[in-house]
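# Commentary on secondary and tertiary structure
This is what each chain is made of:
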Amino acid sequence: MYPYTRPVWARLFPETWWASMLTSALLSAGLGVLVIFLSTRTLDPQYGLALFCATPVLLSIAAPLLHGIGAPRSFLQCLAVSMLCQLTLFLGMLVFGIE
């Protein structure tokens, strides 16, 4: 059998759990803040679905997926990165005054 080698694109994500957690949470929350900012500016009266439903759900999926790229992670680590992403998203909304 061949030894496992990580793909080139996966080397952009750290293997340690804490660095991967911070990287994936900040990337996902940054994307979420951008999506919420654009949806409140462009979808003026109908931005509620994007703000309260779509963005939190999609970020709760994206953050653990990004977190698992570097190395296999446990369920609790994926749950922690999902909650950290949501907290970072809401803090980003407060800091930038969105909504």
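The structure displayed is predicted, hence computed values, not measured ones.

### With respect to the overall build of the protein
When its secondary structure is counted, the protein shows three helices and zero strands. Helices and strands appear in the protein in the N-to-C order α-α-α. Expressed as lengths along the three principal axes of its C-alpha atoms, the size of the protein is roughly 55 × 20 × 20 Å. Counting over 99 residues, the protein shows a buried share of 34%. In the structure as shown, the protein presents an accessible area of about 6,700 Å², 76% of it carried by carbon and sulfur atoms.

### Quick notes on the environment of L58
The topology assignment puts L58 in helix α2 (residues 48-67). Here L58 falls in the exposed class, since its relative accessible area comes to 55%. Measuring from C-alpha to C-alpha, the distance between L58 and Q86 comes to 11 Å, with 28 residues separating the pair along the chain.

### Re the environment of A62
Locating A62 in the fold gives a position in helix α2. With a relative accessible area of 27%, A62 lands in the partly exposed category. With ten residues separating them in the primary sequence, A62 and F52 have C-alpha atoms 16 Å apart.

### Topic: the confidence of the model for the protein
For residues with low pLDDT, the predicted coordinates do not support detailed interpretation. Across the protein, pLDDT averages 86, with 97% of residues at or above 70. Within the protein, helix α3 (residues 75-96) carries the highest mean pLDDT (92), whereas α2 carries the lowest (87).

### Thoughts on α3
Compared with an ideal rise of 1.5 Å per residue, which puts 22 residues at 32 Å, α3 spans 31 Å between its outermost C-alpha atoms and is within 8% of the ideal. Of the residues making up α3, those classed as buried are V81, S82, C85, Q86, L89, G92 and M93. Along the axis of α3, the buried positions cluster into a sector of 140°, meaning they face one direction only. Of the residues in α3, the exposed ones pointing more than 90 degrees away from the buried face are L76, M83, L94 and V95. With its phi angle positive at about 65°, G97 sits one or two positions after the end of α3.

### Observations regarding the packing of helix α1 (residues 17-42) against α2
Helix-helix packing is characterised by the crossing angle of the two axes and by the distance between the axes. At a minimum axis distance of 9 Å, the contact between α1 and α2 shows a crossing angle of 155°. In this view, α1 runs roughly antiparallel relative to α2, as classed from their interaxial angle. Our pair here, α1 against α2, has a crossing hand that is right-handed. Mapping the contact onto sequence places W17, S20, M21, S24, L27, S28, G32, V35, I36 and S39 in α1 and A50, L51, T55, L59, A62, A63, L66 and H67 in α2.

Here is what the cut-offs are and how they apply
By convention here, each chain's residues receive numbers from 1 onward along its written sequence. Confidence filtering applies because this is a predicted model: local features only for residues at pLDDT of at least 70, side-chain atom pairs given and counted only at 80 or more, and all residues used for totals across whole chains, interfaces and linings. Values reported for side chains reflect all heavy atoms of the structure, with hydrogen atoms and water molecules removed beforehand. Only DSSP runs of H or I with at least four residues qualify as helices, and only runs of E with at least two residues qualify as strands; both kinds are numbered from the N terminus onward. The rule is simple: take the accessible area with a 1.4 Å probe, protein chains only, and divide by the maximum for that residue type; under 20% is buried, over 50% is exposed, in between is partly exposed. Using a 1.4 Å probe, accessible areas were evaluated by the Shrake-Rupley method; residue-level cover was limited to the displayed protein chains. Per-residue confidence from the predictor is reported as pLDDT, which spans 0 to 100. Under the convention used throughout, the expected extent of a helix is 1.5 Å for every residue step, that is, one less than its residue count. Picture the helix axis, draw a direction to every C-beta atom, and the arc is the one those directions span. For helices, the fitted axis covers only the stretch in contact; all axes are lines through C-alpha atoms, and the angles between them, taken along N-to-C directions, range from 0 to 180 degrees. Here roughly perpendicular refers to angles of 65 to 115 degrees, roughly parallel to angles under 35, roughly antiparallel to angles over 145, and oblique to all remaining angles. In this scheme, a crossing is called left-handed if the near helix is turned counterclockwise away from the far one by less than a right angle; it is called right-handed if the turn is clockwise. Every residue pair with non-hydrogen atoms within 4.5 Å of one another is taken to be in contact.

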